[in-house]
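# Observations on chain architecture
Chain by chain, the residues run as shown.
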Amino acid sequence: MYQSLRTNELPDDYVVFDIETSGLNPKKDKIIEIGAIKYKDNKKIDEFSYLIDPEIKLNQIITDVTGITDDDLKGKDKIDVVLPKFLDFIEDYTIIGHNVKFDYDFIEANITKLHLKHLKNRIVDTLLLSRITIYDSKNHRLKTLKEYLGLNYNSHRALDDSLTCNDLYQYCKNKKKRNWQTQFIHLYYMLKFGGIYGRISIKKRTI
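Keep in mind it's a predicted model, so treat the numbers as computed, not measured.

The next thing to look at is the overall build of the chain. Looking only at helices and strands, the chain has eight helices and five strands in total. From first element to last, N terminus to C terminus, the chain shows the α and β order α-β-β-β-α-α-α-β-α-β-α-α-α. Counting every position in the chain, which comprises 207 residues, the buried fraction comes to 43%. Considering only residue pairs separated by 6 or more positions, the chain has 66% of its internal contacts joining residues 24 or more positions apart. As displayed, the chain has an accessible area near 11,900 Å², and 50% of this comes from carbon and sulfur atoms.

Set out below in structure tokens:
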């Protein structure tokens, strides 16, 4: 299902989102935070941020990474309350995340448990997008790319990672657009004037 929802289109209306979890296994681990920001015409119009009571004790590693403690989650709404609100929030917007299949798998696992309607939103993964537009980063982890772009958001908190993801998305989208514009100009002059442009090899980038 995930593969069929992925899109190469880079829309101006979208929702960036991120989750924090109690572990890496969507079948047994829990979502402990969901953050999302809605954009229309590339401008922020709304945001969504919930801590979620997982009804389990967190591993200390998770607390060390996220800064989220058991006390932070105690008494918060549970996933059966928060997830329907999240699905209402995203509507039919394209959803965007970094390494988004991880988030998608957790959302879908909980949708199945709660007998909710499965996601049909188009999906953009900024991990894949960054790999075809950013060539000089040591890796394409979100924290690394945050530093690459000179951003000052926190890491491993859902809303902050959503903000980072949006800035990364806009950077990659604009860079991709500029690359195509440059290629088009080269092609135009090669066809129109020949000469030196006749010796230019214009390589189509992988979309």
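Now that the structure is up, let's keep going.
Turning our attention to the sheet that holds strand β3 (residues 43-51). The strands making up a sheet associate through backbone hydrogen bonding, with each pair oriented either parallel or antiparallel. Here we have five strands laid out as an open sheet, ordered β3-β2-β1-β4-β5, and mixed in their pairing. A strand with exactly one partner marks an edge of an open sheet, and here the two such strands are β3 and β5 (123-125). Taking the axes of each pair of neighbouring strands and ignoring which way they run, one obtains an average angle of 20° across the sheet. Where strand β1 (residues 14-21) meets strand β2 (residues 31-40), eight bridges bridge the pair, whose relative direction is antiparallel. Note that in β2 the partner of V16 across the bridge is I37.

Attention now moves to the environment of I62. Tracing the backbone through its elements, the reader meets I62 in helix α2 (residues 60-66). Judged by relative accessible area, I62 falls into the buried class, the value being 16%. Placed 39 residues apart in sequence, I62 and G23 show a C-alpha to C-alpha distance of 7.5 Å. Apart from residues no more than four positions distant in its own chain, I62 is found in contact with T21, S22, G23, I32 and G67.

Below, the discussion takes up the packing of aromatic side chains. For the coordinates displayed, the defined rule picks out nine aromatic pairs. Aromatic pair F17 and F86: ring centres 5.5 Å apart, planes at 45°, arrangement tilted. Taken together, the positions of F17 in strand β1 and F86 in helix α4 (residues 79-90) put the pair 69 residues apart, joining distant regions of the chain. Neither F17 nor F86 differs from the other in exposure class; each is buried. Aromatic rings pair up to connect F17, F48, Y50, F86 and F89 into one cluster.

With that settled, the discussion passes to the pattern of salt bridges. In total, this model carries eight salt bridges according to the counting rule given. A salt bridge links D77 to K85; the shortest N-O distance between them is 3.9 Å. For D77, a relative accessible area of 32% gives the class partly exposed. K101 serves as the salt-bridge partner of D105, at 2.9 Å between the closest nitrogen and oxygen. Of this pair, D105 and K101 both sit in helix α5 (residues 100-114), four residues apart, which is roughly one turn of that helix. A relative accessible area of 26% means that D105 is categorised as partly exposed.

Here we take up the environment of C172. Looking at the secondary structure, you find C172 in helix α8 (residues 158-193). Given the relative accessible area of 0%, C172 is considered buried. When the C-alpha positions of C172 and S130 are compared, they lie 6.3 Å apart, and in sequence the two are 42 residues distant. Contact partners of C172, with chain neighbours within four places excluded, come to L129, S130, T133 and I134.

The rules behind the values
Residues numbered from 1 in each chain as written. Predicted model: local features only at pLDDT ≥ 70, side-chain atom pairs only at ≥ 80, totals over all residues. Heavy atoms only, no water. Helix = DSSP H or I, 4+ residues; strand = E, 2+ residues; numbered from the N terminus. Buried < 20%, exposed > 50% of the residue type's maximum accessible area, 1.4 Å probe, protein only. Contact = heavy atoms within 4.5 Å. Areas by Shrake-Rupley, 256 points an atom, 1.4 Å probe, with all protein chains shown as cover. Pairing = 2+ DSSP bridges. Axes fitted to C-alpha atoms, helices over the stretch in contact; angles between N-to-C directions. Phe/Tyr/Trp six-rings, centres within 6.5 Å; stacked < 30°, edge-to-face > 60°. Salt bridge = Lys/Arg side-chain N within 4 Å of Asp/Glu carboxyl O.

All we've got here are geometric facts, nothing functional implied.
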